[in-house]
Amino acid sequence: MSVSGIGAGYSAYYGTRKVQQNTTEKSFANQVNNVASLPKTYQVYMMGDDMLYSGGNGTGLSFYIKYAEDSTEDDPTMIAKGVDENGDEFEQTIHINKINPKSATIVEMRALEAYTGVEKQFGFTSLPLETGNMRLNDRRDFMDMFKNTISDMRLLSQKKAVAYYQYSIQAYWDFISKK
């Protein structure tokens, strides 16, 4: 059955059609159910008054950072405690002056972010979003990650994001140049 539409030459079809089964939907639903049934728990640390950072990422890594009791102006030192991507507890001592943003872990960069006071985007992060898949001991060149993110944001005409990441990378370049 055909009914004339509003515009000339267009028609609309009214009737019944056979619904096709999409095997991809079944497969996706099974995958979601399989993942949901895995026994996985996450530890979340609530921000306390003496904490400089509290958070994690998509791998299950979750931690908080505080100044160490023996931290000095000449040797700013922080303690990171949390659970890694496997749910195993960890504790790390981080000497800020020894951090190299060209080869750093996510925990080191969070400590450096807190130390430098880099303004966090939307109160969330000053680091490139690629950090969301980093595990506890993964080392990356954050300066290259910033450059890539800036390039991507330029390509997408995201001027505010470009300016923000340029501000962030400059803060870390300033830290490197003072060493």
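These figures come from a predicted structure and were not determined experimentally. (Residues numbered from 1 in each chain as written. Predicted model: local features only at pLDDT ≥ 70, side-chain atom pairs only at ≥ 80, totals over all residues. Heavy atoms only, no water.)

**Focus on the overall build of the chain**
Here is the rule we go by: Numbering of helices and strands starts at the N terminus; helices are DSSP runs of H or I of at least 4 residues and strands are runs of E of at least 2. Buried, partly exposed and exposed residues are distinguished by accessible area as a fraction of the type maximum, computed with a 1.4 Å probe on protein chains only: under 20%, between the cut-offs, and over 50%, respectively. All accessible-area figures derive from a Shrake-Rupley calculation using a 1.4 Å probe, and residue coverage is judged against the displayed protein chains alone.
Of regular secondary structure, the chain possesses 4 helices and 6 strands. Each helix and strand of the chain, ordered N terminal to C terminal, gives the series β-β-α-β-β-β-β-α-α-α. When the 179 residues of the chain are sorted by exposure, 36% land in the buried category. Here the chain has roughly 12,200 Å² of accessible surface; of this, 50% comes from carbon and sulfur atoms.

**A few points about the pattern of salt bridges**
Quick note on the threshold: We count a salt bridge whenever a side-chain nitrogen from Lys or Arg sits within 4 Å of a carboxyl oxygen from Asp or Glu.
Going through the model one piece at a time under the given rule, you end up with 7 salt bridges. Salt-bridge contacts for glutamate 113 lead to arginine 110; the nearest nitrogen and oxygen are separated by 3.2 Å. Here arginine 110 and glutamate 113 lie together in helix α2 (residues 106–116), a separation of 3 residues that amounts to about one turn. Where lysine 120 meets glutamate 113, a salt bridge forms, and the shortest distance between an N and an O atom there is 3.8 Å. Judged by relative accessible area, lysine 120 falls into the partly exposed class, the value being 27%. One continuous salt-bridge network, built from bridges that share partners, spans Arg110, Glu113 and Lys120.

**What to know about the packing of helix α3 (residues 142–155) against helix α4 (residues 159–178)**
Axes are the key here: two packed helices are described by the angle between their axes and the distance separating the axes. Counted only if it meets this: Where helices are involved, their axes are fitted lines through C-alpha atoms of the stretch in contact, as for all axes, and angles between N-to-C directions lie from 0 to 180°. Angles are sorted into four bins: roughly parallel if under 35 degrees, roughly antiparallel if over 145, roughly perpendicular if 65 to 115, and oblique for all others. It is the rotation of the near helix from the far one that decides the hand of a crossing: anticlockwise by less than a right angle makes it left-handed, clockwise makes it right-handed. Contacts are assigned to residue pairs with any non-hydrogen atoms lying within 4.5 Å of each other. Any residue that is not Ala, Val, Leu, Ile, Met, Phe, Trp, Tyr, Cys, Pro, Asp, Glu, Lys or Arg is counted as polar, Gly included; the first ten are nonpolar and the last four charged.
Two elements in contact, α3 and α4, have axes separated by 9 Å at closest approach and are oriented at 160°. Of the possible angle classes, the one that applies to α3 and α4 is roughly antiparallel. Two packed elements cross with a definite hand, and for α3 against α4 that hand is left-handed. Between α3 and α4, the residues in contact are Met143, Phe146, Lys147, Thr149, Ile150, Met153 and Arg154 and Ala161, Val162, Tyr165, Gln166, Ser168, Ile169, Tyr172, Trp173 and Ile176, respectively. Classifying every residue of the contact of α3 with α4 by side-chain character gives 11 nonpolar, 3 polar and 2 charged.

**Looking at the confidence of the model for the chain**
Fine structural detail should not be taken from predicted coordinates in areas where pLDDT scores are low. We count it as follows: Along the chain, pLDDT gives the predictor's confidence residue by residue, from 0 to 100.
On average, residues of the chain carry a pLDDT of 82, and 73% of them reach 70 or more. Below a pLDDT of 50 lies the segment residues 4–20, which in the model reaches 12 contacts outside its immediate sequence neighbourhood of four places, other chains included.

**Let's talk about the side chain of serine 168**
Positionally, serine 168 belongs in helix α4. Owing to a relative accessible area of 0%, serine 168 belongs among the buried residues under this scheme. For serine 168, the contacting residues outside a window of four places in its chain are Val118, Ser126 and Phe146.

**Re the sheet that holds strand β3 (residues 51–56)**
How we decide: The rule for pairing is simple: two strands pair if DSSP sees at least two bridges between them.
Here 4 strands make up an open sheet; going across it, the order is β3-β4-β5-β6 and the pairing antiparallel. In the strand order of this sheet, the two ends are held by β3 and β6 (89–95), each with one partner. Averaged over all pairs of adjacent strands, the angle between strand axes in this sheet comes to 15°, irrespective of strand direction. Running at roughly 40° to strand β4 (residues 62–67), α2 makes contact with β3, β4, β5 (77–83) and β6 of the sheet.

**A closer look at the packing of aromatic side chains**
Rules: For Phe, Tyr and Trp, where Trp contributes only its six-membered ring, two rings pair if their centres lie within 6.5 Å, and the inter-plane angle classes them as stacked under 30 degrees, edge-to-face over 60, or tilted in between.
One pass over the full model with this rule turns up 6 aromatic pairs. A centroid spacing of 5.4 Å and a plane angle of 70° characterise the contact between tyrosine 164 and tyrosine 165, whose relative ring orientation is edge-to-face. Tyrosine 165 shares its class with tyrosine 164; the two are buried. Site record: aromatic cluster; members linked through ring pairs are Phe146, Tyr164, Tyr165, Tyr167 and Tyr172.

**Examining α4**
Definition in use: Expected span of a helix, by definition, is 1.5 Å for each gap between consecutive residues, and there is one gap fewer than residues.
Its 20 residues give α4 an end-to-end C-alpha distance of 29 Å, which sits within 8% of 28 Å, the value for a rise of 1.5 Å per residue. Of the surrounding elements, those touching the buried residues of α4 are α2 and α3.

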